[in-house]
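Below, each chain spelled out in residue letters.
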Amino acid sequence: FELLGGVQSLNFNRLGWGDAEARCVAKVLPLCRRLRSLELVSNAIGDDGCVALADALGAFGSLPLLEHLDLSYNRIGDDGIISLANACANGAMAQLVGLSLVGNQIGDAGCTSLANACGMGAMASLKQLILCQDAPALRTACEARDIVFR
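Position numbers for residues start from 1 in each chain and track the written sequence from start to end. Given that this is a predicted model, residues contribute local features only at a pLDDT of at least 70 and side-chain atom pairs are listed and counted only at 80 or more, while totals for whole chains, interfaces and linings are drawn from all residues. By convention in this description, side-chain values take in all heavy atoms of the structure and omit both hydrogens and water.

## Details of the sheet that holds strand β1 (residues 9–11)
Operational definition: A pair of strands is considered paired only if DSSP assigns at least 2 bridges between the two. Comment: elements are numbered from the N terminus, with helices defined as DSSP H or I runs of at least four residues and strands as E runs of at least two.
Judged by pairing direction, the sheet is parallel, and its 6 strands sit side by side in the order β1-β2-β3-β4-β5-β6 without closing on themselves. Either end of the sheet is taken by a strand with one partner, and the two such strands are β1 and β6 (148–149). Across 3 bridges, the pairing between strand β2 (residues 37–39) and strand β3 (residues 68–70) is parallel. Paired with Glu 39 across the bridge in β3 is Asp 70.

## Overview of the packing of helix α4 (residues 78–89) against helix α5 (residues 108–119)
Stated formally: Here an angle of 0 to 180 degrees is reported between the N-to-C directions of two axes, which are lines fitted to C-alpha atoms, with helices fitted over the stretch in contact. We call two directions roughly parallel when the angle between them is under 35 degrees, roughly antiparallel when it is over 145, roughly perpendicular when it lies between 65 and 115, and oblique otherwise. What makes two residues a contact is simply this: any of their non-hydrogen atoms within 4.5 Å. Residue polarity is assigned by list, with Asp, Glu, Lys and Arg as charged and Ala, Val, Leu, Ile, Met, Phe, Trp, Tyr, Cys and Pro as nonpolar; anything else, Gly included, falls into the polar class.
The N-to-C vectors of α4 and α5 enclose an angle of 10°; their axes lie 8 Å apart at closest approach. In this view, α4 runs roughly parallel relative to α5, as classed from their interaxial angle. When α4 is examined against α5, the residues Asp 78, Ile 81, Ile 82, Ala 85, Asn 86 and Ala 89 are found in contact with a partner set consisting of Asp 108, Ala 109, Gly 110, Ser 113, Leu 114 and Ala 117. Taken together, the residues of the contact of α4 with α5 sort by class into 7 nonpolar, 3 polar and 2 charged.

In structure tokens, the structure reads:
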């Protein structure tokens, strides 16, 4: 477990992981105090896995240095994104610079929740949000904070 404390980047891309594996990752994330980048791209993570990750990211003092989070091309829907947005609204991921959520199943409720979190100043360091779908309220919230929205 000591080794995890110094890890700066975790890449779990294209492993076919689902919610069970995301829950396992979530359990060890609080040990990764120096983590700057977390990638879980092109897996099969759904809402349950995203909720577990959001809970871990939202734990007090968890991942204080995290700058990049990429959850692209999974199966995350509104419930998962709402949990992630709520964690951010409560102070999680304050150092996050880039967030990518491309290729998920995020609807209006998830986009609205992210927009509300951005609108209230969550993720204060965020510079780029990649979603690749039409989300006018989220685009407006990003533009108001000079966040690049794609």
